[in-house]
Amino acid sequence: MSLIVAGRFQTLDRAEEVAHHLIDDDGFQRDDVNVFYVNPPGQHARYPVGGDEHTDAAMQPGRQSMFVGVAAGVIIGAGVGYGAMQILELNWLAPLIMIAVGAYLGSLIGAMAKAKPAHEDTGTQVTSHEVVEPIRESGVMLAVHVTEDSEVRVEDELRRAGARDVEHASGSWNNGKWSDFDPLAAPLTVH
């Protein structure tokens, strides 16, 4: 594993300027410095249809209520369809159509009844035993492959240059890149 120090910059120009300074003035090799962009949370396209996670966490509570809604919709739809067929002398297709409409509406109402907004304000406070995992912010990352001797010096350089979220990592550095960088992993920032 390699020692890596990285910082997030607001602009590509500033990150490249600091990278050139590290190469030209501090003696780092070009293969020891890597500038790359980190997408905003949720936009890392880990799945073919996009996104970072297999499911939407806000929809998990709505799954069970969706099935309850489907069942209720089917029963109500069948009743309404059968009643319409008897009263209006419609053919046997009326109950089938009403069952389908009832199942659809029931699933929609059931799922939405339990779904939580992404940033729901419940008015509760975070207590000391709850752990809030930090997320990696988007922006331009400058990662530097360092040694134990240069680790603190590079950290100071990045901080002085305006880097935010300066972090230390242990990872794989191959062909001039932080090859096992995980944008979903919480940064191990240094204060």
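Refer to the structure printed above.
Attention in this report is confined to the structure presented alongside it. (Residues numbered from 1 in each chain as written. Predicted model: local features only at pLDDT ≥ 70, side-chain atom pairs only at ≥ 80, totals over all residues. Heavy atoms only, no water.)

**Some points on the sheet that holds strand S1 (residues 2–9)**
Quick note on the threshold: At least two bridges found by DSSP between two strands is the condition for calling them paired. Helix and strand definitions follow DSSP, with helices as H or I runs of at least four residues and strands as E runs of at least two, each counted in order from the N terminus. Simply put, an axis is a line fit to the C-alpha atoms, just over the touching stretch for a helix, and the angle between two N-to-C directions goes from 0 to 180 degrees. Throughout, a contact is declared for two residues whenever any of their heavy atoms are within 4.5 Å.
Taken in spatial order, the four strands line up as S2-S3-S1-S4 in an open sheet, and their pairing is antiparallel. Strands at the two margins of the open sheet, each flanked by one partner only, are strand S2 (33–38) and strand S4 (164–171). With direction set aside, neighbouring strand axes in the sheet form an average angle of 25°. Bridge count for S1 against S4 is six bridges, and the pairing is antiparallel. Among the inter-strand pairings, Arg8 is bridged to a residue of S4, identified as Arg164. Against the sheet, helix H1 (residues 12–24) engages S1, S2 and strand S3 (139–146), with an angle of about 15° to S3. In the packing of helix H4 (residues 151–160) onto the sheet, the strands contacted are S1, S3 and S4, and the crossing angle to S1 comes to about 5°.

**Some thoughts on unusual backbone geometry**
Its identity as a non-glycine residue notwithstanding, Asp165 has a phi of 50°, on the positive side. The phi angle at Asn175 is positive, at roughly 50°, despite the residue not being glycine. With respect to the element layout, Asn175 can be found in the loop between strand S5 (173–174) and strand S6 (177–178).

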